[in-house]
Amino acid sequence: MFNSHKHLKRKTPCPGINREEFIQHLVDEYYTTNNIEAQEQVTANLANFAYDPLNWSFLIKADAVKLFLEILEERNEKLQLHGIAGLTNICLDDNIYKYFNNPEVIQQIHRLFLASNNQEILINCCTIYQFLAKDNKSNILPAKILLRVQNINTDSKGKNIRLSNITSLLLLDFGRRYEFTESQHNRYSMFRCLSSLSNIRQIKYVKVFSQQDLDQFSQLTGDSNSIHTDTTPVERRLVHGAFLNAIVAGLIGTHFPKGTIVLEQKFKFPKPCRVNENSEFELQLQQERKIAVVSYKCKQNEITVFEGEAKLLIPSINK
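Notes on the structure follow. Bear in mind that the values here come from a model prediction, so they are computed numbers and not experimental data.

**Looking at the overall build of the chain**
Here is step 1 of the chain: Across its full length, the chain holds 14 helices and seven strands.
Here is step 2 of the chain: The buried share among the 319 residues of the chain stands at 46%.
Here is step 3 of the chain: The long-range share in the chain, meaning contacts at least 24 apart out of those at least 6 apart in sequence, stands at 61%.

**What about the side chain of glutamate 40?**
Here is step 1 of the chain: For glutamate 40, the position within the fold is in helix H3 (residues 36–49).
Here is step 2 of the chain: Filtering out sequence-adjacent residues up to four positions away, glutamate 40 remains in contact with Asn76, Lys78, Leu79 and His82.

**Overview of the packing of helix H2 (residues 19–32) against helix H5 (residues 64–71)**
Here is step 1 of the chain: Contact geometry for H2 and H5: axes closest at 10 Å, N-to-C directions at 40 degrees. Considering only the axes of H2 and H5, their crossing is left-handed. Residue-level contacts link Val27, Tyr30 and Tyr31 of H2 to Ala64, Leu67, Glu70 and Ile71 of H5.
Here is step 2 of the chain: Of the residues in the contact of H2 with H5, the class split is six nonpolar, no polar and one charged.

**Quick notes on the packing of aromatic side chains**
Here is step 1 of the chain: The full count for this structure, using the stated rule, is 11 aromatic pairs.
Here is step 2 of the chain: Ring geometry for phenylalanine 217 against phenylalanine 243: centres 4.4 Å apart, planes inclined by 5 degrees, an arrangement best described as stacked. With a gap of 26 residues between them, phenylalanine 217 in helix H13 (residues 211–221) and phenylalanine 243 in helix H14 (residues 241–255) connect regions that are remote in the sequence. Across the pair, phenylalanine 243 and phenylalanine 217 agree in class, each one buried.
Here is step 3 of the chain: Put simply, the rings of Tyr205, Phe209, Phe217, Phe243 and Phe281 pair up and form one aromatic cluster.
Here is step 4 of the chain: If you follow arginine 148 out to its NZ or CZ, it ends over the ring of phenylalanine 113, 5.8 Å from the centre.

**Details of helix H9 (residues 119–133)**
Here is step 1 of the chain: Look at H9: 21 Å from first C-alpha to last across 15 residues, which is about the 21 Å you get at 1.5 Å a residue.
Here is step 2 of the chain: H9 sits mainly inside the fold: 11 of its 15 residues count as buried.
Here is step 3 of the chain: The N-capping residue of H9, defined by a side-chain oxygen 2.9 Å from the backbone nitrogen of glutamate 120, is asparagine 118.

**Overview of the pairing of strand E6 (residues 291–300)**
Here is step 1 of the chain: The element E6 is largely enclosed, with a buried count of seven among its 10 residues.
Here is step 2 of the chain: Where strand E5 (residues 278–287) and E6 come together, seven bridges link them in antiparallel fashion. Bridge pairing in E6 links leucine 283 to tyrosine 296.
Here is step 3 of the chain: Pairing of E6 with strand E7 (residues 303–313) involves 10 bridges; the strand directions are antiparallel. Among the inter-strand pairings, valine 294 is bridged to a residue of E7, identified as alanine 310.
Here is step 4 of the chain: Hairpin connection, E6 to E7: the antiparallel pair is bridged by two residues, and asparagine 301 has positive phi, about 55 degrees.

Calculation rules
Residues numbered from 1 in each chain as written. Predicted model: local features only at pLDDT ≥ 70, side-chain atom pairs only at ≥ 80, totals over all residues. Heavy atoms only, no water. Helix = DSSP H or I, 4+ residues; strand = E, 2+ residues; numbered from the N terminus. Buried < 20%, exposed > 50% of the residue type's maximum accessible area, 1.4 Å probe, protein only. Contact = heavy atoms within 4.5 Å. Axes fitted to C-alpha atoms, helices over the stretch in contact; angles between N-to-C directions. Left-handed = near helix turned anticlockwise from the far one by under 90°. Nonpolar A, V, L, I, M, F, W, Y, C, P; charged D, E, K, R; others polar. Phe/Tyr/Trp six-rings, centres within 6.5 Å; stacked < 30°, edge-to-face > 60°. Lys NZ or Arg CZ within 6 Å of the ring centre and 35° of its normal. Expected span 1.5 Å × (residues − 1). Polar contact = N/O pair within 3.5 Å; in protein donor to acceptor, adjacent residues only side chain to side chain. Pairing = 2+ DSSP bridges.

This is the structure in structure tokens:
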């Protein structure tokens, strides 16, 4: 189990190498060897060392944390497992938390979680997600991650109790604040915050815009711009800006109290919105008054393509 400095000193034969030097030696060995099996053994040892809090300062000093992050991107499944296990073991250290405040680090973990089918890797990813949520319960994981959690939870029941339990905990934690629905026909998922004001302080909605969607919207609006049609290569084809705003209007009309009216809007399109990609809409209630303020944005691959703000007249408030 966990050691003390006195215990480590007693366990290290004189003039044997001490723990700090040995950890640095392991990190150096990973970068100096071309032998895959040696790299796997080294990273396995480092992940095991991360289990003991007494080693955390040694691992940080030796840049083992950077190594753990680096090997998440490797195609070798054993290295990926050792990297995510090492991060899971050491994530409780206050000095490590700064790494997880880096959006790129979070994206590395997201990519691994979405791509891997290794159950131990998935368990470790979920453990880190649970850790990251402990201090800020208002931050929801991206919709695609929650969908993956939902699917893993369904598939693991009766097969892997550890994976089933950790995904159930994540869903239970977020389930207290979010309602999850999914429509395969419309290819969307939604997470609705359970709060005041008719349970809609936050809404998340994910839609994939198909060419059929664009054609129907063009027919409805009379917008014949070829940039929205299949005559334009798909990599340059754009979703109508008005279509994005219509989705927001639909969410407001569907999930806000009956009789809510949009009084004013301002919005912009920082980047183009593409067809056949997940478009993640998020609405946040900023001011809960008779004239309420709602901010909204739409992202594709974590890049904002549409954002704005609306003032709403909500008759059910302060009558």
